[in-house]
Amino acid sequence: MKNITKSLLVLAVVVFTSANLIVTSDSKFESDVKESLIADWERAKAFSLEYIDAMPEDGMDYRPNDQVRSFEEQFLHMAQGNIGLLANGTGADRIHTDVPNFEKEAKFKGKKALRALTVEVYDWCIDAIKNMDTSKLDEVVGPNENFSHPRMEWIKKGFEHQTHHRGQTTIYLRMKGVTPPAEKLF
């Protein structure tokens with residue numbers, strides 16, 4: 001009887017310790033994911049601001065041809081996309097819901113206004129990530145069943161989207177005689 005009690009006690013300690021390691025491991029993983037996402041979005045914010053700062057004021061409305069967005073419109077489109085995609089990913093309430101299309105809003109035009117909006121939107125994205133529940137990253141969400149994805153996919157697509165549009169503006173800077181900011185991989 002003494003050996004059975006001792007064995008059960010050892011088994012209970014092993015089970016409790018294992019369960020605690022799993023919980024610790026999951027929370028550590030979730031914390032690492034969140035920290036990584038925050039670092040990526042903070043780096044993207046800094047990089048985007050360097051791009052805006054590099055373009056002269058008279059280049060804000062520059063476009064290589066009539067069929068593409070201007071430099072300014074690329075960043076306005078990117079900001080609006082960041083809000084929508086990150087809201088889906090993090091569950092945060094959207095900002096600027098009263099503005100259907102940033103590209104058509106006079107209040108966001110010009111280098112100073114564009115820079116201010118870019119800071120505001122990236123700060124919102126970073127706060128949304130900081131405050132999100134990482135245990136829900138596998139939860140499938142979306143506006144309808146044909147366009148629903150796990151929360152983490154929305155966040156990844158948000159990052160991909162902003163990188164794509166900022167990257168397009170590299171040629172805009174070069175065509176205006178400006179050397180683009182150096183890459184920020186890490």
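Above: the structure in question.
If you're wondering where the values come from, they're calculated on a predicted model, not measured in any experiment.

Helix packing geometry: the angle between the two helix axes and the distance between the axes. Running from amino to carboxyl end, helix H2 (residues 71–90) crosses helix H3 (residues 111–131) at an angle of 15 degrees, the nearest separation of the two axes being 10 Å. Looking at the two axes, H2 sits roughly parallel to H3. Considering only the axes of H2 and H3, their crossing is left-handed. Here Glu 72, Phe 75, Leu 76, Met 78, Ala 79, Asn 82, Ile 83, Leu 86, Ala 87 and Thr 90 of H2 come into contact with H3, specifically with Leu 114, Leu 117, Val 121, Tyr 122, Trp 124, Cys 125, Ala 128 and Ile 129. Residue composition of the contact of H2 with H3, by class: 15 nonpolar, two polar and one charged.

Our next topic: the environment of Thr 170. The topology assignment puts Thr 170 in helix H4 (residues 151–175). Sequence-distant contacts of Thr 170, that is, excluding residues within four places in its chain, are made with Tyr 51 and Pro 180. For Thr 170, the side chain forms a polar contact with the side chain of Tyr 51, separated by 2.7 Å.

Parameters at a glance
Within each chain, residues carry numbers counting from 1 in the order of the written sequence. Confidence filtering applies because this is a predicted model: local features only for residues at pLDDT of at least 70, side-chain atom pairs given and counted only at 80 or more, and all residues used for totals across whole chains, interfaces and linings. Working from all heavy atoms in the structure, the side-chain values ignore hydrogens and water. Think of each axis as a best-fit line through the C-alpha atoms, taken over the contacting stretch in the case of a helix, with angles from 0 to 180 degrees between the N-to-C directions. A run of DSSP states H or I qualifies as a helix once it reaches four residues; a run of E qualifies as a strand once it reaches two. Both are numbered from the N-terminal end. Here the angle decides the label: under 35 degrees means roughly parallel, over 145 means roughly antiparallel, 65 to 115 means roughly perpendicular, and every other value means oblique. By convention the crossing between two helices is left-handed if the near helix lies anticlockwise of the far one by an angle smaller than a right angle, and right-handed if it lies clockwise. Contacts: residue pairs with any heavy atoms within 4.5 Å of one another. Lys, Arg, Asp and Glu make up the charged group, whereas Ala, Val, Leu, Ile, Met, Phe, Trp, Tyr, Cys and Pro make up the nonpolar group; the residues left over, Gly among them, are polar. In protein, a polar contact means a hydrogen-donor-capable atom and an acceptor-capable atom, both N or O and within 3.5 Å, with residues adjacent in sequence counting only if both atoms are side-chain atoms; elsewhere, any N or O pair within 3.5 Å suffices.

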